[in-house]
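Chain residues, written in single-letter form:
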Amino acid sequence: MEGAIAAGSRPTAQAGARVLEEGGNAVDACIAAAFAAAVAEGPLTGPTGGGFLLTWVDGEAAVLDCFFAVPSEPLGEMEEIVIDFGDASTQVFHVGEGSVAVPGLVAGLEDAHRRFGTVPWPDLVDPAIELARDGVEKTDAQRFLHAILSGILQREEMGALIYGGADRIETATLVPTLERLRDLDAAAVADLLPELVEDVLRYRVASPEPLRTTIGGRAVLTTPAPSRGGAVVAAALAGLSASVGLDDRARALRRGYAAAPPLHVAGTTHISVLDAAGNAAALSSTLGSGSGLFRGGTQLNNMLGELDVIGQVPPAAGERLPSMMAPTLVLEDGRPRLALGSAGSVRLAGAIAQVADAVLRGTPVDEAIGRPRLHVDGDVLHLEGGIDEPPPAGWKTVAWADRNLFFGGVAAVERRPDGTLAAAGDPRRGGHGIVVG
């Protein structure tokens, strides 16, 4: 089937494109890409991850909340690791057994497949298995990330085996896990977390109504609670659509973030897909910043350790954790015009809104993603390198020299006014887009 896919890495996008080429729909391609991302983007997502999937299939929207839940009992204790980001800043991460939350990502993918899939489940996992057998060449962006996170990624021997090489990610140890996921579906996740087996088997994907608004006559669908990011995207995009200058855009972003005070979010990745039949899928997923614990060739999540997100006292057992992730769709004439989402901690919602606004003003999606961005934190205005307008008065301005992954990592696909499809990943993070057909 003709279609378009954008993702956080080339191998991830290629896996989804292969499924489109073989006749799968947007949801099929998204599922295949999600499993490939567990191989190619292992520090960011994997079988013990969580996420949000927003779909448009046969003229109907659905949100699948497959984010993390609080376990009945923590696995153990947490420990602190200080990560040096190399720019005179450090951050404390909480890792170890006590940081692991109940994952829902694979359950969400299985639910999406049951509801919307057209390709047999094993055929959607097989591309990831092939990729894992071969291993993955590191990109420059991955070398940078893996070096920064080496204290987490190489905390254990298995992590060092996978990520310790200078040029390759050695992923063969993940193959048996992926084979079990192929053969047993989401039930295989319990093999990775036997201490939480009851919690994992009890987990249920939620299906809240998408958050809806209208911008310039177009319907915008984004992610509802427990995500806060969707409310930010909706409010910021409304302001940006009426903006005419840098100060207007900055104020629009500030109003957006005021709509839902942001939370810290660690490593995230995103997949967006459109197909020729008018279906769409947008999936954001994460492992937090990773627990430093490896089982079955994959890292466990550390979402209970994301204390900036959940607070010092975790919610009650079984409750969903909050997030900033915000997969978003824009509809025009009753069909998807744009599907997008982003990595980038608290900056991701602003990045989504700015890219969506640019596309809806007529900018091609690759140019919209490449444009320099703003980020607003109270009265502090961050200006990415390349902005040629003078800083507006009344702001504490931080001027960046060049493009930087600080400003997010958008993956977006669009159906242009002439009906052709386009896709783009964010060069700030090594993203990639493919158009099929």
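For the structure given in this document, a descriptive report is provided here.

Parameters and conventions
Residues numbered from 1 in each chain as written. Predicted model: local features only at pLDDT ≥ 70, side-chain atom pairs only at ≥ 80, totals over all residues. Heavy atoms only, no water. Core = buried A, V, L, I, M, F, W, Y, C linked by side-chain atoms within 4.5 Å. Buried < 20%, exposed > 50% of the residue type's maximum accessible area, 1.4 Å probe, protein only. Helix = DSSP H or I, 4+ residues; strand = E, 2+ residues; numbered from the N terminus. Contact = heavy atoms within 4.5 Å. Pairing = 2+ DSSP bridges. Axes fitted to C-alpha atoms, helices over the stretch in contact; angles between N-to-C directions. Phe/Tyr/Trp six-rings, centres within 6.5 Å; stacked < 30°, edge-to-face > 60°.

1. Some words on the nonpolar core
As a rule of thumb, nonpolar side chains are buried together in soluble globular proteins.
No. 1: In terms of nonpolar packing, the biggest core is built from 73 residues, with F35, L178 and I271 touching the most fellow members.
No. 2: The dominant element in this core, judged by the number of residues it contributes, is helix α2 (residues 26-40), at 12 residues.
No. 3: With residues near it in sequence (within four places) discarded, I271 still touches I5, A6, A7, T12, C30, A33, A34, A281, A282 and L283.

2. Looking at the sheet that holds strand β20 (residues 421-424)
No. 1: Ordered by their spatial adjacency, 6 strands build an open sheet running β8-β9-β14-β15-β19-β20, and the pairing between neighbours is antiparallel. The two strands at the open ends of the sheet, each matched to only one other strand, are β8 (211-215) and β20. Going across the sheet, the axis of each strand differs from the next one's by a mean of 15°, ignoring polarity.
No. 2: The pairing of strand β9 (residues 218-222) with strand β14 (residues 328-332) spans 3 bridges and is antiparallel. Across the sheet, the residue bridging to L221 is L329, located in β14.
No. 3: Packed on one face of the sheet, helix α11 (residues 229-240) meets β8, β9 and β14 and runs near 10° to β8.
No. 4: Contacting β9, β14, β15 (335-343) and β19 (409-415), helix α14 (residues 347-360) runs over the sheet at an angle of about 150° to β15.

3. Focus on the packing of aromatic side chains
No. 1: Here the structure, examined in full by the defined rule, presents 7 aromatic pairs.
No. 2: Measuring from ring centre to ring centre gives 4.7 Å for W400 and F406, while their planes differ by 25°; the resulting arrangement is stacked.
No. 3: Looking at W400, the relative accessible area reads 25%, which means it is partly exposed.
No. 4: For F406, a relative accessible area of 17% puts it in the buried group.

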